[in-house]
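One-letter residues, chain by chain:
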Amino acid sequence: MLLYIILYNVLTVDADTKCISHEITVVPKYYLIEKCHRSKLGVASKANFSTLNSCRRLALEKKALALNFSPSGYGKIGRKPVEYTCEVLKCAESEGGLSLKNDTNYDYYSIYAKHLPNVNSCCVPLAGMFYLLSEKNNYTEAERRCRNMSSVLAGVFNQHRTDTLAQVLASSGVEAAYVGLGSSNGRVFRTTHGDSLDCITYRAWAPGHPRKNLNMSCVVPLLR
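Cut-offs applied
- Residues numbered from 1 in each chain as written.
- Predicted model: local features only at pLDDT ≥ 70, side-chain atom pairs only at ≥ 80, totals over all residues.
- Heavy atoms only, no water.
- pLDDT = per-residue confidence, 0-100.
- Helix = DSSP H or I, 4+ residues; strand = E, 2+ residues; numbered from the N terminus.
- Contact = heavy atoms within 4.5 Å.
- Buried < 20%, exposed > 50% of the residue type's maximum accessible area, 1.4 Å probe, protein only.
- Arc of directions from axis to C-beta.
- Pairing = 2+ DSSP bridges.
- Axes fitted to C-alpha atoms, helices over the stretch in contact; angles between N-to-C directions.
- Disulfide = S-S within 2.5 Å.
- Phe/Tyr/Trp six-rings, centres within 6.5 Å; stacked < 30°, edge-to-face > 60°.

1. Brief notes about the confidence of the model for the chain
Across the chain, the average pLDDT comes to 77, with 76% of residues at 70 or higher. Looking over the chain, one finds the lowest element-wise mean pLDDT in strand β1 (residues 2–7), namely 51, and the highest in strand β6 (residues 86–89), namely 98. Of the regions scoring below 50 in pLDDT, residues 20–25 engages in 10 contacts with residues more than four places distant in sequence or in other chains.

2. Remarks on helix α1 (residues 52–61)
Of all the positions in α1, only Leu52, Ser54, Cys55, Leu58 and Ala59 are classed as buried. The arc that holds every buried residue of α1, seen down its axis, measures 160 degrees, which confines them to one face. Facing away from the buried side of α1, by more than 90 degrees, are the exposed residues Arg57 and Glu61. The secondary structure elements touched by the buried residues of α1 are β4 (43–47), β5 (66–69), β6 and β8 (107–110).

3. Quick notes on the sheet that holds β8
An order of β2-β8-β5-β6-β4 is seen for the 5 strands of this open sheet, with the pairing classed as antiparallel. Whereas interior strands pair on both sides, the edge strands pair on one side only; in this sheet they are β2 (31–34) and β4. When strand polarity is set aside, the average angle formed by the axes of neighbouring strands in this sheet is 25 degrees. When β2 meets β8, the two strands line up antiparallel, connected through 3 bridges. Pairing of leucine 32 across the sheet is with tyrosine 109, part of β8. Lying over the sheet, α1 contacts β4, β5, β6 and β8, oriented at roughly 150 degrees with respect to β5.

4. What to know about the state of the cysteines
If you walk through the whole model with that rule in mind, you get 2 disulfides. Linked covalently through their sulfurs, cysteine 55 and cysteine 86 form a disulfide whose S-S length is 2.1 Å. With the S-S bond torsion at 80 degrees, the cross-link from cysteine 55 to cysteine 86 turns out right-handed. With cysteine 55 in helix α1 and cysteine 86 in strand β6, the pair connects residues that are 31 residues apart, well separated along the chain. Of the two residues, cysteine 55 and cysteine 86, both sit in the buried class. Put simply, cysteine 91 and cysteine 123 are joined by a disulfide, and their sulfur atoms are 2.0 Å apart. Note on the cysteine 91 and cysteine 123 pair: the S-S dihedral is about -95 degrees, so by sign convention the disulfide is left-handed. Of the two residues, cysteine 91 sits in the loop between β6 and β7 (100–102) while cysteine 123 sits in strand β9 (residues 121–124), which places them 32 residues apart along the sequence. Residue cysteine 91 is classed as buried on the basis of its relative accessible area, which comes to 14%.

5. Notes on the pairing of strand β10 (residues 128–137)
Of all 10 residues that make up β10, 7 are buried, and the element is covered over most of its length. Hairpin geometry of β9 and β10 is characterised by an intervening segment of 3 residues between the two adjacent antiparallel strands and by a positive phi of about 65 degrees at leucine 126.

6. Looking at the packing of aromatic side chains
Think of a pair of aromatic rings as described by two things: how far the centres are apart, and how the planes are tilted against each other in angle. With the rule as written, the count across this model stands at 1 aromatic pair. Ring geometry for tyrosine 139 against tyrosine 178: centres 5.3 Å apart, planes inclined by 80 degrees, an arrangement best described as edge-to-face. In this pair, tyrosine 139 is assigned in helix α2 (residues 139–148) and tyrosine 178 in strand β12 (residues 177–178), connecting sequence segments 39 residues apart. By relative accessible area, which is 11% here, tyrosine 139 ends up buried. A residue is classified by how much of its surface remains accessible, and tyrosine 178, at 7% relative accessible area, is buried.

Quick look at the structure:
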């Protein structure tokens, strides 16, 4: 049995042109987490908007994981003017909110309804928050645990994401973990969103892997 990495949210899944009809986009909702607070995490984009919905649309466009919005606007009586009313962020705050500061001009929103654990977790900017669960389970149980946490097993769809997850495993002293790629028949491997492995353009598997075998139902990346 192995440890596993879960992904709390997926914004897009990269697919080539022949699989474009299978591409899935999950549209996140931005939850109000802290009033009168502003996150100092990295900014993906910023603008001046008079409404929260406009700021949310910018966040969706930039695939932001969180945002700061100034509901007072700027220049109103009794409120300190702000340079930008909308700041969309590359990452979201985890437990403790070390980058979250008191600021009466802003409210802080996140695609996560609550702060995520800050132990064994990391953020891949503009992609999602990842968390390594230390409990050992089989693949089916790992999938179930993820669903119970409103999450899915993490996918390895690009170099940046794969490198970051490898660092999480290495820093935790873990050599292998389940990811979101499995097969029900041993021949066609699919992601947690149902896309065939053939639809994913990124390739970083060892030669001949993942092997098509009737006795194989899951994929495990190993650190060498």
